[in-house]
Amino acid sequence: MEDMLEEFKKLLREKGLKTTGQRLAVLKALLDNPEKHMTVEEIYDIVRKSSPEIGLATVYRNIQLLTEMQLTNKLNLDDGYIRYELADPREHHHHHHHMICLDCGRVFEFQQDLLDDLEDNIMEKTGFKVVNHEVKFYGYCADCLARWEKEQAARAEKEKA
């Protein structure tokens, strides 16, 4: 976490921007919740607990800045909200994908990027340089599958009786 904070401060200095308490509070909210894909409003709810003087508009501006600096990724998980997650500023694109459960709506990350070879192939064959991609897998999580199987077994038992 300290590495990310220091990287953030360094990037701000390089861009001629100040390291403000508001900017650090927004980044800290993201750093403290690395597994979550949060909306600006959810980030604001976290930030205002420790910094009640920070307004929603300030959080919006700072999320926009973090996105422009490539410290956050902007995500559309098809739930009607724009969500954000931390990005690694040393990477030019993220190396994970999202799995979305069609039953409970939970979002899981798959931490392996299997498309590097495809991107290389695209560059080799077409001259098109892929700098980012977004892949979403839709299906059913293990918990929802287990519940469905249990329900199916219970129905089968009722039909036998």
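## Description of the side chain of E85
At step 1: Mapped onto the fold, E85 is located in strand β2 (residues 82–86).
At step 2: For E85, which is buried and forms no salt bridge, the nearest opposite charge comes from R83, at a distance of 10 Å.
At step 3: At 3.2 Å, the side chain of E85 and the side chain of H37 are in polar contact.
At step 4: Beyond its immediate chain neighbours, meaning those up to four positions away, E85 contacts K36, H37, L71, T72, N73, L75, H96, H98 and E109.

## Structural notes on the confidence of the model for the protein
At step 1: Mean pLDDT over the protein: 87, with 94% of residues reaching 70 or higher.
At step 2: When mean pLDDT is compared element by element in the protein, helix α3 (residues 40–50) scores highest at 96, while helix α1 (residues 2–14) scores lowest at 82.

## Quick look at the environment of E41
At step 1: Checked against the element boundaries, E41 lands in helix α3.
At step 2: Within the structure, E41 has its side chain in polar contact with the side chain of Y60 (distance 2.5 Å).

## Structural notes on the pattern of salt bridges
At step 1: Considering all chains together, one arrives at ten salt bridges under this definition.
At step 2: Measuring nitrogen to oxygen at the nearest pair gives 4.0 Å for the salt bridge that ties E14 to K10. With E14 and K10 both in helix α1 and four residues apart, this pair spans about one turn of that helix.
At step 3: Between R83 and E42 there is a salt bridge, and its shortest N-O distance comes to 3.3 Å. Of this pair, R83 sits in strand β2 while E42 sits in helix α3; the two residues are 41 residues apart in sequence, bridging distant segments of the chain.
At step 4: Taking the relative accessible area as the measure of exposure, R83 reaches 13% and is therefore buried.
At step 5: The network of salt bridges with shared partners includes E42, D79 and R83.

## Observations regarding the packing of helix α2 (residues 21–31) against helix α4 (residues 56–68)
At step 1: Interhelical geometry of α2 versus α4 gives an angle of 75 degrees and a closest axis separation of 10 Å. Relative to α4, α2 is oriented roughly perpendicular. Taken together, the residues of α4 that come into contact with α2 (itself represented by Q22, R23, V26, L27 and L30) are T58, V59, N62, I63, L65 and L66.
At step 2: Of the residues in the contact of α2 with α4, the class split is seven nonpolar, three polar and one charged.

## Some details on the side chain of N62
At step 1: Its place among the elements puts N62 in helix α4.
At step 2: If we ignore the near neighbours within four places in the chain, the residues touching N62 are Q22, R23 and V26.

## Structural notes on the packing of α1 against α2
At step 1: Where α1 meets α2, the closest approach of the two axes is 11 Å, and the angle between their N-to-C directions is 145 degrees. Seen from above, α1 lies across α2 with right-handed handedness. On α2, the residues that touch M4, L5, F8, K9 and L12 of α1 are R23, L24, L27 and L31.
At step 2: Residues that form the contact of α1 with α2 fall into these classes: seven nonpolar, no polar and two charged.

Thresholds applied
Throughout this description, residue numbers start from 1 for each chain and increase along the sequence as written. A pLDDT threshold of at least 70 governs which residues receive local features in this predicted model, and a stricter bar of 80 or more applies before side-chain atom pairs are shown or counted, although totals over entire chains, interfaces and linings include all residues. Here the side-chain values reflect all heavy atoms present in the structure, with hydrogen atoms and water set aside. Here a helix means four or more residues in a row that DSSP labels H or I, a strand means two or more in a row labelled E, and each is numbered from the N terminus. We call a residue buried when its accessible area falls under 20% of the maximum for its residue type, exposed when it is over 50%, and partly exposed in between, using a 1.4 Å probe and counting protein chains only. Charge convention: Lys and Arg are scored as positive, Asp and Glu as negative, and His as well as the terminal groups of each chain are ignored. By convention in these notes, a salt bridge is any Lys or Arg side-chain nitrogen within 4 Å of a carboxyl oxygen on Asp or Glu. Polar contact criterion, stated in full: a pair of N or O atoms within 3.5 Å, where within protein one must be able to donate a hydrogen and the other to accept it, and residues adjacent in sequence count only if both atoms are side-chain atoms. When checking whether two residues touch, look at their non-hydrogen atoms; a contact exists if any pair is within 4.5 Å. Confidence per residue, as judged by the predictor, is encoded in pLDDT with a range of 0 to 100. Comment: axis = line fitted to C-alpha atoms, over the contacting stretch for helices; angle = value between 0 and 180 degrees taken between N-to-C directions. Here is the rule for angles: anything less than 35 degrees is roughly parallel, anything more than 145 is roughly antiparallel, 65 through 115 is roughly perpendicular, and the remaining ranges are oblique. Under the grouping applied here, Gly and all other residues not named as nonpolar or charged are polar, the nonpolar ones being Ala, Val, Leu, Ile, Met, Phe, Trp, Tyr, Cys and Pro and the charged ones Asp, Glu, Lys and Arg. For any helix crossing, the convention is left-handed if the near helix is rotated counterclockwise from the far helix by under a right angle, and right-handed if that rotation is clockwise.

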